[in-house]
Amino acid sequence: MEIQGVSAIVTGGASGLGQATAHALAAAGAHVVAVDLAEAAAAPGIVPVVADVTDEAALERAIAAAVERGPLGIVVHCAGIVWAGRIVGRNGPHSLEQFRRVIEVNLVGTFNVLRLTAAAMQQNAPNAEGERGIIVVTSSIAAFEGQIGQAAYAASKGGVASLVLPAARELAAFGIRVVGIAPGVFATPMGQQIPDEIRHTLSEQTPFPKRLGHPDEFAALAMHIIRNPMLNGTVIRLDGGLRMPPR
C-alpha cells in the first residue's frame, strides 16, 4: 500500500503505540486522523479526533474526517484497555461488569473499527495490484500465554487474534488486507499500569533484548506491514522472544 498522500486512521493515537504510529505515518506523507478518548497533541500531518471506538456515530465522524483529506487506505487500531483480576479472588468472583467492559473495548471496539473502516475502503479505486486498503489490529502475547489474573484481557486479545484470519479471507474480495500485531510488554502508559516488579521480571525473562519494547518498534512493524502486500491474514508477535510464565 502506498503511504504518500493516503488518508490513515490511527486509534489510540494520543499516546503509546498509536502515537508513535501516527507520527511515523505522517512523516511518510500520510494524512493522519488520530482517534482517542483524549485529544492527540497537534503535529504536522495529524488531525486529532476525540472518539470512543465502541461508539458507532463517533467513529463514523472520524472516518468522515479522514475521507475528507483523501481515500482512507490505512487503519492501525491500537486503542484498548488493560485490567487485572483473578476469576475468584480474595473478595469473591471477578466483576462481571468489568469483564464485559474489557471485552467491549478491546474486542467489540476492534470489530467496530474493522467493519466501519472496511466499508469506507470498499469505495476506493484499487491500485495496480487490486489493493484498496490495509487494516492493522493490535492483539497481545497475552492472547496466547495469558497469565493468572489476565482472564478478561487475554480473552479480549485472543478474540482479536482470532478475528484476523476470517476478516482477511472475507475482505480479500475487496482488496483489503487484515493483519494483527501481538506486542509483548512495551514502555507505554498502558504498560506502566503493570506493577514495577512484574515489568522487571518480564524484561529479565525476554531472551533479547532484555527490556521493554519501544513504541517506535511497534510503529516500524506497522509501517512494514502496510508496505508489504504479502502480509495478510496473520498475527505477528513483537516480543523479543518472550513467552510469559503463568504468573
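As shown above, the structure is provided for reference.
Predicted model only: the values in this text are computed from it and were never measured.

## Brief notes about helix α7 (residues 215-227)
Two residues of an α-helix separated by three or four positions point the same way, owing to the 3.6 residues in each turn. In this model α7 runs 19 Å from its N-terminal to its C-terminal C-alpha over 13 residues, within 8% of the 18 Å that 1.5 Å per residue would give. Among all positions in α7, only P215, F218, A219, L221, A222, M223, I225 and I226 are buried. Elements that come into contact with the buried residues of α7 comprise α1 (16-27), β4 (72-77), β7 (133-138), β8 (176-183) and β9 (235-238).

## Overview of the side chain of D239
The topology assignment puts D239 in the segment after β9. There is a polar contact of 3.3 Å between the side chain of D239 and the side chain of R243. Dropping the residues within four chain positions of it, D239 is found in contact with I141, G184 and T206.

## Quick word on the packing of α1 against α7
Running from N to C, α1 and α7 cross one another at 50°; their axes reach a closest spacing of 8 Å. Here α1 is positioned oblique relative to α7, judged by the angle of their axes. Crossing handedness for the pair α1 and α7: right-handed. From α1, G16, L17, A20, T21, A24 and L25 reach across to α7, where they touch P215, D216, F218, A219, A222, M223 and I226. When grouped by side-chain class, the residues that make up the contact of α1 with α7 number ten nonpolar, two polar and one charged.

## Topic: the pattern of salt bridges
Applying the stated criterion across every chain, the model contains six salt bridges. Of the charged contacts in the structure, one is a salt bridge between E145 and R237, with a shortest N-O distance of 2.8 Å. Remark: R237 occurs in strand β9 and E145 occurs in helix α4 (residues 142-145); sequence separation between them is 92 residues. Judged by relative accessible area, which is 17%, E145 ranks as buried. R211 is the partner of E217 in a salt bridge, and the nearest nitrogen-oxygen pair spans 2.6 Å. R211 sits in the partly exposed class, given a relative accessible area of 30%. Each of E145, R237, D239 and R243 takes part in a single network of salt bridges with overlapping partners.

## With respect to the environment of S203
Secondary-structure assignment places S203 in helix α6 (residues 196-205). When the C-alpha positions of S203 and L242 are compared, they lie 8.5 Å apart, and in sequence the two are 39 residues distant. If sequence neighbours within four positions are ignored, S203 has contacts with K210, R211 and L212.

## As for the sheet that holds strand β3 (residues 46-50)
What the seven strands build is an open sheet, ordered β3-β2-β1-β4-β7-β8-β9; its pairing is parallel. Strands with a single pairing partner mark the edges of an open sheet, and in this sheet they are β3 and β9. Strand after strand, the sheet turns through a mean of 20° between neighbouring axes, direction not considered. Here four bridges tie β4 to β7, and the two strands are oriented parallel to one another. Residue H77 lies in a different strand from β7, and its bridge partner there is V137. Packing of helix α3 (residues 96-121) onto the sheet brings it into contact with β1 (7-11), β4, β7 and β8, and relative to β4 it is tilted by some 170°. Of the strands in this sheet, β7, β8 and β9 are in contact with helix α5 (residues 151-171), which crosses β8 at around 160°.

## Digging into the environment of L37
Structurally, L37 can be placed in the loop between β2 (31-36) and β3. The exposure class of L37 is exposed, given its relative accessible area of 59%. Separated by 14 residues in sequence, L37 and A51 place their C-alpha atoms 5.4 Å apart. Beyond its immediate sequence surroundings of up to four residues, L37 is in contact with V50, A51 and D52.

## Focus on the layout of surface pockets
The calculated volume of the second largest pocket comes to roughly 180 Å³. Around the second largest pocket, the lining comprises 15 residues; the ones closest to its centre are R211, G213, L238, D239 and G240. A breakdown of the residues in the lining of the second largest pocket according to their chemical character gives seven nonpolar, five polar and three charged.

## Topic: the pairing of β2
A large share of β2 lies buried, amounting to five of its six residues. The pairing of β1 with β2 spans five bridges and is classified as parallel. Bridge assignment links A8 to a residue of β2, and that residue is V32. Assessed by its sense of winding, the connection that carries the chain from β1 through α1 to β2 is right-handed. Pairing of β2 with β3 involves five bridges; the strand directions are parallel.

The rules behind the values
- Residues numbered from 1 in each chain as written.
- Predicted model: local features only at pLDDT ≥ 70, side-chain atom pairs only at ≥ 80, totals over all residues.
- Heavy atoms only, no water.
- Helix = DSSP H or I, 4+ residues; strand = E, 2+ residues; numbered from the N terminus.
- Expected span 1.5 Å × (residues − 1).
- Buried < 20%, exposed > 50% of the residue type's maximum accessible area, 1.4 Å probe, protein only.
- Contact = heavy atoms within 4.5 Å.
- Polar contact = N/O pair within 3.5 Å; in protein donor to acceptor, adjacent residues only side chain to side chain.
- Axes fitted to C-alpha atoms, helices over the stretch in contact; angles between N-to-C directions.
- Parallel < 35°, antiparallel > 145°, perpendicular 65-115°, else oblique.
- Left-handed = near helix turned anticlockwise from the far one by under 90°.
- Nonpolar A, V, L, I, M, F, W, Y, C, P; charged D, E, K, R; others polar.
- Salt bridge = Lys/Arg side-chain N within 4 Å of Asp/Glu carboxyl O.
- Pairing = 2+ DSSP bridges.
- 1 Å grid on protein atoms, 1.4 Å probe; cavity = no way out; pocket = protein on both sides within 12 Å on 5 of 7 lines; lining within 4 Å.
- Points joined across faces, edges and corners; volume = space filled by probe spheres on them.
- Right-handed = clockwise from strand over helix to strand, strands pointing away.

Bear in mind that shape data such as this cannot, by itself, settle questions of function.
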